[in-house]
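Listed below, chain by chain, are the residues.
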Amino acid sequence: MTSHPLKLGFVGLGIMGTPMAGHLLRAGHQLFVHTLGKLPAEIGESRATVCTSARGVAERADIVFLMVPDTPDVEAALFDETGIAAGLTRGKIVVDMSSISPIATKAFAARINAIGGDYLDAPVSGGEVGAKNATLSIMVGGAPAVFDTVLPLFELMGKNITLVGGNGDGQTAKVANQIIVALNIEAVAEALLFASRAGADPARVRQALMGGFASSKILEVHGERMIKRTFEPGFRIGLHQKDLNLALSSARALGVSLPNTATAQELFNACAAHGGANWDHSAMVRALEMLANFEVGQQAG
């Protein structure tokens, strides 16, 4: 229980937002919440105050956290008639923990600054498990003084918390994270498919590789998913498509070529075309299996 309870707001109580808001509540803070979907039971049964709009949250809270799916959702939550901006007064802080466009983020921050508010972009990595266990990596963009103010609250939700730079830089770091994750999934999928088609036991190949330079969290966790065919989503392909779209559209604006990111996106697109938008992103392997007409773990003929 904190010795100095704060008035906090949380907008967006989905798979990620609900456990994150719960950590703030358990620390003893006063919480004002709003969500467009169904109110989660664990929040409804808590001492959180449910508000009818994001504006109502911002009017009551000094720091407002936001966790919604995509750039248009953040824009609506911030700037609609009943949005957060309408309820802000000078000195309040908006913390967007969604994963959205770095370019749009800079514009959103400027609009919040213009009405006297402070703004941090603080996207996260670690998925639902990280949100529940308060072990998220949090990549932050904004002013150092504002970051220092919010840091004790970030520490209730995550472990690896980094001030990357100014507004937009947190989102840029998250896009970079998603590029690395997608390309690692693709590499692990190709390797296990190759090994399996060549007649080797993919589980033993994975075990052997875990002891060498090819070892990675993706090989450990998602390699096992590919072998065991467990594609219930920890992180949906549809969301990773959204993140790679941010990477590719931003890269185009910057004049940067990301050829392998584009390939990974096309493999996700192939999965989605086969009804896989809600598969776990490790199921990218299925697109490669379709190309090879062979499944990891299948007995080679």
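Report follows, based on the coordinates. (Residues numbered from 1 in each chain as written. Predicted model: local features only at pLDDT ≥ 70, side-chain atom pairs only at ≥ 80, totals over all residues. Heavy atoms only, no water.)

### Examining the nonpolar core
Okay, so step 1: Phe-10, Met-20, Phe-65, Val-95, Met-97 and Phe-154 are the most contacted members of the largest nonpolar core, which totals 32 residues.
Okay, so step 2: Per-element tally for this core: the top contributor is helix H8 (residues 144-154), with five residues.
Okay, so step 3: Discounting residues that sit within four places of it in the chain, Phe-10 has contacts with Gly-17, Met-20, Ala-21, Leu-24, Leu-31, Phe-32, Val-33, His-34, Val-57, Phe-65 and Met-67.
Okay, so step 4: Membership of the second largest hydrophobic core comes to 25 residues, among which are Leu-192, Ala-264, Cys-271 and Phe-294. (Core = buried A, V, L, I, M, F, W, Y, C linked by side-chain atoms within 4.5 Å. Buried < 20%, exposed > 50% of the residue type's maximum accessible area, 1.4 Å probe, protein only. Helix = DSSP H or I, 4+ residues; strand = E, 2+ residues; numbered from the N terminus. Contact = heavy atoms within 4.5 Å.)

### Remarks on helix H6 (residues 102-114)
Okay, so step 1: Over its 13 residues, H6 extends 19 Å from the first C-alpha to the last, a length consistent with the 18 Å expected when each residue adds 1.5 Å.
Okay, so step 2: Within the span of H6, buried status applies to Pro-102, Ala-104, Thr-105, Phe-108, Ala-109 and Ile-112. Taken down its axis, H6 places every buried residue within 145° of arc, on the same side. Exposed residues lying more than 90 degrees from the buried face of H6 are Ile-103 and Ala-114.
Okay, so step 3: In this fold, the buried residues of H6 make contact with helix H4 (71-79), helix H5 (84-87), strand E5 (93-96), strand E6 (118-121), helix H9 (169-197) and helix H12 (237-254).
Okay, so step 4: Between a side-chain oxygen at the N-terminus of H6 and the backbone nitrogen of Ile-103 the separation is 3.2 Å; the capping residue is Ser-101.
Okay, so step 5: Backbone geometry just downstream of H6 places Gly-116 in the positive-phi region, at approximately 95°. (Expected span 1.5 Å × (residues − 1). Arc of directions from axis to C-beta. Polar contact = N/O pair within 3.5 Å; in protein donor to acceptor, adjacent residues only side chain to side chain.)

### Brief notes about the environment of Val-11
Okay, so step 1: Its place among the elements puts Val-11 in strand E1 (residues 7-11).
Okay, so step 2: A sequence separation of 278 residues divides Val-11 from Glu-289, and the C-alpha atoms of the two residues are 40 Å apart.
Okay, so step 3: Among residues more than four places away in sequence, those in contact with Val-11 are His-34, Ala-54, Val-57, Val-64, Phe-65, Leu-66, Met-67, Val-68, Ala-77 and Ile-84.

### Comments concerning the packing of H9 against H12
Okay, so step 1: As a packed pair, H9 and H12 sit with axes 9 Å apart at the nearest point and diverge in direction by 115°. The hand of the H9/H12 crossing is left-handed. The residues of H12 that touch H9, namely those facing Val-175, Gln-178, Ile-179, Val-181 and Ala-182, are His-240, Asp-243, Leu-244, Leu-246 and Ala-247.
Okay, so step 2: Each residue belonging to the contact of H9 with H12 can be placed in one class, and the counts come to seven nonpolar, two polar and one charged. (Axes fitted to C-alpha atoms, helices over the stretch in contact; angles between N-to-C directions. Left-handed = near helix turned anticlockwise from the far one by under 90°. Nonpolar A, V, L, I, M, F, W, Y, C, P; charged D, E, K, R; others polar.)

### Concerning the pairing of E6
Okay, so step 1: In this structure, E5 lies alongside E6, joined through four bridges in parallel fashion. Bridging from a neighbouring strand, Asp-96 pairs with Asp-121 of E6.
Okay, so step 2: For the segment spanning E5, H6 and E6, crossover handedness is right-handed. (Pairing = 2+ DSSP bridges. Right-handed = clockwise from strand over helix to strand, strands pointing away.)

### Considerations on the environment of Met-210
Okay, so step 1: Secondary-structure assignment places Met-210 in the loop between helix H10 (202-209) and helix H11 (217-228).
Okay, so step 2: What makes Met-210 partly exposed here is its relative accessible area of 26%.
Okay, so step 3: As for Met-210 and Glu-45, which are separated by 165 residues in sequence, their C-alpha atoms are 44 Å apart.
Okay, so step 4: The residues touching Met-210, leaving out its near neighbours within four places in the chain, are Ser-215, Ser-216, Leu-219 and Glu-220.

### Some details on the pattern of salt bridges
Okay, so step 1: Enumeration over the complete set of coordinates arrives at nine salt bridges.
Okay, so step 2: With a closest N to O distance of 3.7 Å, Lys-217 and Glu-220 form a salt bridge. Separated by three residues within a single helix, Lys-217 and Glu-220 lie in helix H11, roughly one turn from each other.
Okay, so step 3: Taking the relative accessible area as the measure of exposure, Glu-220 reaches 33% and is therefore partly exposed.
Okay, so step 4: For Arg-229, the salt bridge is made with Glu-295, and the minimal N-O distance between the two is 3.6 Å. On the criterion of sequence distance, the pair formed by Arg-229 in the loop between H11 and H12 and Glu-295 in the segment after helix H14 (285-292) is long-range, its members being 66 residues apart.
Okay, so step 5: Glu-295 gets classed as partly exposed once you look at its relative accessible area, which sits at 37%.
Okay, so step 6: Linked through salt bridges whose partners overlap, the residues forming this network are Arg-229, Glu-289 and Glu-295. (Salt bridge = Lys/Arg side-chain N within 4 Å of Asp/Glu carboxyl O.)

### Focus on the packing of aromatic side chains
Okay, so step 1: Scanning the model with the defined rule gives three aromatic pairs in all.
Okay, so step 2: Ring centres of Phe-147 and Phe-154 lie 6.3 Å apart, and the angle between their planes is 40°; on these two criteria the pair is classed as tilted. Of the two residues, Phe-147 and Phe-154, neither departs from the other in class, the shared state being buried.
Okay, so step 3: Sitting over the ring of Phe-79, Arg-111 keeps its end group 3.7 Å from the ring centre.
Okay, so step 4: Here the basic side chain of Arg-286 rests over the ring of Trp-279, its NZ or CZ set 4.3 Å away from the ring centre. (Phe/Tyr/Trp six-rings, centres within 6.5 Å; stacked < 30°, edge-to-face > 60°. Lys NZ or Arg CZ within 6 Å of the ring centre and 35° of its normal.)

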